[in-house]
Amino acid sequence: MPLVSELFALKASDQSRWQKRIFVTMTKLQFKGGWNEVKGKLKQKYGQLTDNDLAFAEGKDDELLGRLQQKLGKTKEDLRKEIENL
């Protein structure tokens, strides 16, 4: 992946393609360790969460965030940041 400074030097069609890739990367959940570790930390912090609330399938980040948003009353962006910082 090119650096941001290199991105501006690309021709428009290539630049658009890389911007789409960067957007996809930025919208996917990024977390350290395994999902089971993250899930355990969330259950410790929020005792009301169940295994069903925390069911995670690759590529279904938005569904997980939606369930957590309903259960915890936080925005998806706040939840994303919290998960990524665990």
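A quick note: this is a predicted structure, and the numbers were derived from the prediction, not measured.

(A) How the structure looks around helix H3 (residues 35–45). Turning to H3, its buried residues are Trp35, Val38, Lys39 and Leu42. Buried residues of H3 fall within an arc of 100 degrees about the axis and therefore sit on the same side. Counted as exposed and oriented over 90 degrees from the buried face of H3: Asn36 and Gln44. Of the surrounding elements, those touching the buried residues of H3 are helix H4 (61–72) and helix H5 (76–84).

(B) How the structure looks around the environment of Leu65. As for its position among the elements, Leu65 is in helix H4. Once you skip the residues sitting within four places of it in the chain, Leu65 turns out to touch Leu29, Lys76, Leu79, Arg80 and Ile83.

Criteria and cut-off values
Residues numbered from 1 in each chain as written. Predicted model: local features only at pLDDT ≥ 70, side-chain atom pairs only at ≥ 80, totals over all residues. Heavy atoms only, no water. Buried < 20%, exposed > 50% of the residue type's maximum accessible area, 1.4 Å probe, protein only. Helix = DSSP H or I, 4+ residues; strand = E, 2+ residues; numbered from the N terminus. Arc of directions from axis to C-beta. Contact = heavy atoms within 4.5 Å.

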